[in-house]
Amino acid sequence: MNPDLLKQWDSLGINGLPYLFPIHPNLVHLTLGLFIVAIAFDIVGALFPLDKAAFKYLAIPVTRSALFDVGWYNLLASAIITFFTVMAGLFEVSLAAPLTDVTSAWGLHALETMILHGVGGVLILTLIVGMTVWRGFQRYQWRKDMARQVQWSYLAAGLFVFVLMFVQGTLGAHLGGEFGVHVTADQMLHLGQNPNQL
Amino acid sequence: MVLFAVFCDLVGYFTKNPRLYEVSWWNLAFATVSIFIAIIFGQVEAGLAEPYAASISTLNVHTVLGWSLSGILALITAWRYVIRLQERPQLPIPYLVVSVLLVGLVGIQSYLGSLLVWVYGLHTIPVVDAIKGGLS
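Residues numbered from 1 in each chain as written. Chains lettered and ligands numbered in written order. Predicted model: local features only at pLDDT ≥ 70, side-chain atom pairs only at ≥ 80, totals over all residues.

Some details on the overall build of chain B
Stage number 1. Summing up its helical and strand segments, chain B has five helices and zero strands in all.
Stage number 2. Secondary structure elements of chain B, listed N to C terminal, follow the sequence α-α-α-α-α.
Stage number 3. What you see for chain B is a C-alpha radius of gyration of 18 Å, clearly larger than the 14 Å of a compact globule of 136 residues, by over 25%.
Stage number 4. When its C-alpha atoms are laid out on the principal axes, chain B stretches across 60 × 20 × 20 Å.
Stage number 5. Burial status across chain B gives 32% buried among its 136 residues.
Stage number 6. Residue pairs at least 24 apart in sequence account for 73% of intrachain contacts in chain B once pairs closer than 6 positions are excluded. (Helix = DSSP H or I, 4+ residues; strand = E, 2+ residues; numbered from the N terminus. Rg over C-alpha atoms; globule rule 2.2 N^0.38 Å. Buried ≥ 20, exposed ≤ 12 C-beta atoms within 10 Å, placed from the backbone. Contact = placed C-beta atoms within 7 Å.)

Set out below in structure tokens:
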């Protein structure tokens, strides 16, 4: 955002936010954790004929339907929370003042990284919501009487979203770690101050 | 995962839905495995961080609380394992109280971790460069 425009908000901290640290990077861990657990448990559920011996060896009672319950409820929670992740991200990126004289490890400048991360975020939100609808149809309609509740293609799509999340996460890490977006110490150094004054 | 596990427990408790207890248990079990991976990375990165003076106390508390959480989480998961084997219709209240306290600790730990990255900027390039340049 244009620094002159940011002056219109007169209570921003040195990190460019009206609060201590950005919320989006915290929420994104809920998105990731819930989604990864959802797909992981659906994979374990789908491969149940192979892995049930391991649960027996560990003396952990398990039912296949409970594994699919984890796959469903975690995905549903991920879809809901990700709206808030994206909302916080849009709010915080609109207050971003990245360092402009930096190129990231991927050879990108700040503006390119911000745009890719922003577009990527909405894309991944759409995919998560789409997969939740898909998962819901499998659970409650198409496969409700089948032992394996998910299609292989659904699991493959989940693994593909993992890859997108890795790319998206790395872009986001560049915004904080290299371009200093909303990092108090980086902004202080940029202003010639010593972060030990914190 | 801990947050979602406790959320499922509370919803399961008030809606009397045992299916959510299973979801909670598996999230908790997964969290107990994951926390050790998190600690290994945390120790490696904290060891490489060369924290400057203002950030040291936060990093120390984050380290101690992280290791403590691994023990606490393992204990609570073990307790949950036993409760699960007993196949009770409802979770015991003391378990729910302890798990809500656990959520509090996870919140504190996330807060401290956020301070290390977003306030003190450990491992961000400008801070790393400043440390190489003599910031201590």
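So much for the structure itself; the text now carries on.
What about the overall build of chain A?
Stage number 1. Looking only at helices and strands, one finds seven helices and zero strands in chain A.
Stage number 2. When its helices and strands are written in sequence order, chain A yields α-α-α-α-α-α-α.
Stage number 3. Taking 198 residues into account, the globule formula puts the C-alpha radius of gyration at 16 Å, and chain A, at 21 Å, lies well above it.
Stage number 4. Taken along its principal axes, the extent of the C-alpha atoms in chain A is 65 × 35 × 30 Å.
Stage number 5. Restricting the contact set of chain A to residue pairs at least 6 apart, pairs at least 24 apart contribute 76%.

Describing the packing of helix α3 (residues 53-86) of chain B against helix α4 (residues 93-119) of chain B
Residue and element names in this part refer to chain B.
Stage number 1. α4 packs onto α3 with a crossing angle of 155° between their chain directions and a minimal axis gap of 9 Å. Compared by their axis directions, α3 and α4 come out roughly antiparallel. The way α3 lies across α4 gives a crossing that is left-handed. Taking contact as the criterion, the partners of S55, T58, L59, V61, H62, L65, G66, L69, I72, I76, W79 and I83 in α3 are, on α4, Y95, V98, S99, L102, L105, I108, Q109, L112, G113, L115 and L116.
Stage number 2. For the contact of α3 with α4, the residue count by class is 16 nonpolar, seven polar and no charged. (Axes fitted to C-alpha atoms, helices over the stretch in contact; angles between N-to-C directions. Parallel < 35°, antiparallel > 145°, perpendicular 65-115°, else oblique. Left-handed = near helix turned anticlockwise from the far one by under 90°. Nonpolar A, V, L, I, M, F, W, Y, C, P; charged D, E, K, R; others polar.)

Comments concerning the environment of E178 of chain A
Stage number 1. Note that E178 of chain A resides in the loop between α6 (152-177) and α7 (184-190).
Stage number 2. Other than its neighbours up to four places away in sequence, E178 of chain A contacts V102 and S104 of chain A together with I125 of chain B.

With respect to unusual backbone geometry
All names here are of chain B.
Stage number 1. Residue E50 is not a glycine yet carries a positive backbone phi of 45°.
Stage number 2. For E50, the location among the structural elements is in the loop between α2 (18-49) and α3.
Stage number 3. Phi is positive for E87, which is not a glycine, with a value near 50°.
Stage number 4. Take E87: it is sitting in the loop between α3 and α4.
Stage number 5. For E87, a count of 8 C-beta atoms within 10 Å translates into the label exposed.

Things to note about the nonpolar core
Stage number 1. Ranked by size, the top nonpolar core spans 42 residues in total, and within it V2, A5 and A31 of chain B carry the most contacts.
Stage number 2. Sorting the residues of this core by element identifies α2 (24-46), α4 (64-93) and α5 (110-142) of chain A together with α1 (2-15), α2, α3 and α4 of chain B as the ones contributing at least two each.
Stage number 3. Discounting residues that sit within four places of it in the chain, A31 of chain B has contacts with M1, V2, A5 and L73 of chain B.
Stage number 4. Counting 20 residues, the second largest nonpolar core, distinct from the first, contains L175, F179 and A185 of chain A together with W118 of chain B. (Core = buried A, V, L, I, M, F, W, Y, C linked by C-beta atoms within 7 Å.)

Examining α1 of chain B
Stage number 1. With 14 residues, α1 of chain B extends 20 Å between its outermost C-alpha atoms, agreeing within 8% with the 20 Å of an ideal straight helix rising 1.5 Å per residue.
Stage number 2. Those residues of α1 of chain B lying buried are V2, L3, F4, A5, V6, C8 and D9 of chain B.
Stage number 3. The elements touched by buried residues of α1 of chain B are α2 and α4 of chain A together with α2 and α4 of chain B.
Stage number 4. Phi turns positive, to about 50°, at K16 of chain B, one or two residues after α1 of chain B. (Expected span 1.5 Å × (residues − 1).)

Brief notes about the interface of chain A and chain B
Reports of interface size often rely on the accessible area that becomes lost once the parts have come together.
Stage number 1. If you look at the interface, chain A gives 28 residues, while chain B gives 25 residues.
Stage number 2. Ranked by residue count, the leading element in the side of chain A that touches chain B is α4 of chain A, at six residues.
Stage number 3. In the side of chain A that touches chain B, the residues fall into 15 nonpolar, ten polar and three charged.

Some thoughts on the confidence of the model for chain B
Residues and elements named next belong to chain B.
Stage number 1. Across chain B, pLDDT averages 90, with 100% of residues at or above 70.
Stage number 2. Across chain B, element-level confidence peaks in α4 with a mean pLDDT of 93 and bottoms out in helix α5 (residues 125-132) with 87.
Stage number 3. Across the assembled chains, the prediction reports ipTM 0.88 with pTM 0.90. (pLDDT = per-residue confidence, 0-100.)

As for the environment of A78 of chain B
Residue and element names in this part refer to chain B.
Stage number 1. Position of A78 relative to the elements: it lies in helix α3.
Stage number 2. Here A78 falls in the exposed class, since 11 other C-beta atoms lie within 10 Å of it.
Stage number 3. For A78 and L28, which are 50 residues apart along the polypeptide, the C-alpha to C-alpha distance reads 10.0 Å.

Here's the deal with the packing of α2 of chain A against α6 of chain A
Residue and element names in this part refer to chain A.
Stage number 1. For the pair α2 and α6, interaxial distance at closest approach is 11 Å and the crossing angle is 160°. By the angle class used here, α2 and α6 are roughly antiparallel. Note on packing geometry: the crossing formed by α2 with α6 is left-handed. Of α6, the residues touching α2 (which contributes P25, L32, I39, D42, I43 and A46) are L155, G158, M165 and G176.
Stage number 2. Residues of the contact of α2 with α6, tallied by class, amount to seven nonpolar, two polar and one charged.

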